[in-house]
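As a plain string of letters, each chain reads:
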Amino acid sequence: MVDAMFPIRELSHRTNVPAKTIRYYEEIGLLAPARRSANGYRRYDEKDAERLGFIYSARTLDFSVTKIAQILAVRDRHEPPCQHVMDLIRAHMDEVEVRLRELQKLKRDLAALYQAGQDLPQDVQMRACVCHLIRVGVSGGSKEE
């Protein structure tokens, strides 16, 4: 039995992945090159849709395409990728914790900049206004943590 084939627009609709992104995933090897119809249009099947659905879900979890490629490579060797995925999730959680701390620091820095800029005049030369504070940093130029 031959699997039903469908065009890129239908794959895009089924997976909520833009056609341009589907082409990109093919280009970088996350998706196998599409089969082509007689008129040259890309054609996909359910296996492509399932794989693309996994890629989409992994991207919504902020996994990089490199990490996704690693997972898929394990699966493509007919090995269970579960332990590899668990290791990636643990590492990813640690990375997210670091990013959260960085974002909290950014929020504090922005709040301090906003507070410092409240009473500053408008200054087209950007020497005595909030723009100057952005350039030199609220704390006088220190951009370190």
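Relevant structure appears above.
Residues numbered from 1 in each chain as written. Predicted model: local features only at pLDDT ≥ 70, side-chain atom pairs only at ≥ 80, totals over all residues. Heavy atoms only, no water.

Draft legend 1. Main features of the overall build of the protein. The helix and strand inventory of the protein stands at six helices and three strands. Taken over 145 residues, the protein has a buried fraction of 24%. In the protein, the share of contacts with a sequence separation of at least 24, taken over all contacts with a separation of at least 6, comes to 44%. For the protein, the accessible area works out to roughly 10700 Å², and carbon and sulfur atoms hold 57% of it. (Helix = DSSP H or I, 4+ residues; strand = E, 2+ residues; numbered from the N terminus. Buried < 20%, exposed > 50% of the residue type's maximum accessible area, 1.4 Å probe, protein only. Contact = heavy atoms within 4.5 Å. Areas by Shrake-Rupley, 256 points an atom, 1.4 Å probe, with all protein chains shown as cover.)

Draft legend 2. Representation of the nonpolar core within the structure. One finds Leu-11, Ile-22, Tyr-25, Tyr-44, Leu-52, Ile-55 and Ile-68 to be the most contacted residues of the largest nonpolar core, which totals 20 residues. Contributing elements (two or more residues each) for this core: helix H1 (8-15), helix H2 (19-28), helix H3 (46-60) and helix H4 (65-76). Ranked by the residues each element gives to this core, the list is headed by H3, at four residues. (Core = buried A, V, L, I, M, F, W, Y, C linked by side-chain atoms within 4.5 Å.)

Draft legend 3. Focus on a nonpolar patch on the surface. Nonpolar side chains collect at one region of the surface, where Val-96, Leu-100, Leu-103, Leu-106 and Leu-110 lie side by side and expose about 430 Å² of accessible area between them. Within the fold, Val-96 resides in helix H5 (residues 82-117). (Patch = residues over 30% accessible without salt bridge, like charges linked within 9 Å, V, L, I, M, F, W, Y side chains within 5 Å. Salt bridge = Lys/Arg side-chain N within 4 Å of Asp/Glu carboxyl O.)

Draft legend 4. How the structure looks around the pattern of salt bridges. Per the stated rule, a full pass over the model turns up 11 salt bridges. With its nearest N and O atoms 2.1 Å apart, the salt bridge here joins Arg-14 to Glu-46. With Arg-14 in helix H1 and Glu-46 in helix H3, this residue pair connects regions lying 32 residues apart in the sequence. Note on Arg-14: relative accessible area 40%, which makes it partly exposed. Residues Arg-42 and Glu-26 are paired through a salt bridge, measuring 3.2 Å at the closest nitrogen-oxygen approach. Taken together, the residues Arg-42 in strand S3 (residues 42-44) and Glu-26 in helix H2 connect sequence positions 16 residues apart. Classification of Arg-42 by relative accessible area gives partly exposed; the value is 21%. Its relative accessible area of 12% is what places Glu-26 among the buried residues. Here the salt bridges do not stand alone but share partners, grouping Glu-10, Arg-14 and Glu-46 into one network.

Draft legend 5. Layout of the sheet that holds strand S2 (residues 35-36). Pairing in this open sheet of three strands is antiparallel, and the strands run S1-S3-S2 from one edge to the other. The open sheet is flanked by strand S1 (6-7) and S2, the only strands paired with a single partner. Across two bridges, the pairing between S1 and S3 is antiparallel. The partner of Phe-6 across the bridge, within S3, is Tyr-44. (Pairing = 2+ DSSP bridges.)

Draft legend 6. Structural view of H4. If you check H4, its first and last C-alpha atoms are 16 Å apart, about what 12 residues at 1.5 Å a residue would give, namely 16 Å. Of all the positions in H4, only Ile-68, Ile-71, Leu-72 and Val-74 are classed as buried. The buried residues of H4 occupy an angular sector of 155° when projected down its axis, which confines them to one face. Phi turns positive, to about 60°, at His-78, one or two residues after H4. (Expected span 1.5 Å × (residues − 1). Arc of directions from axis to C-beta.)

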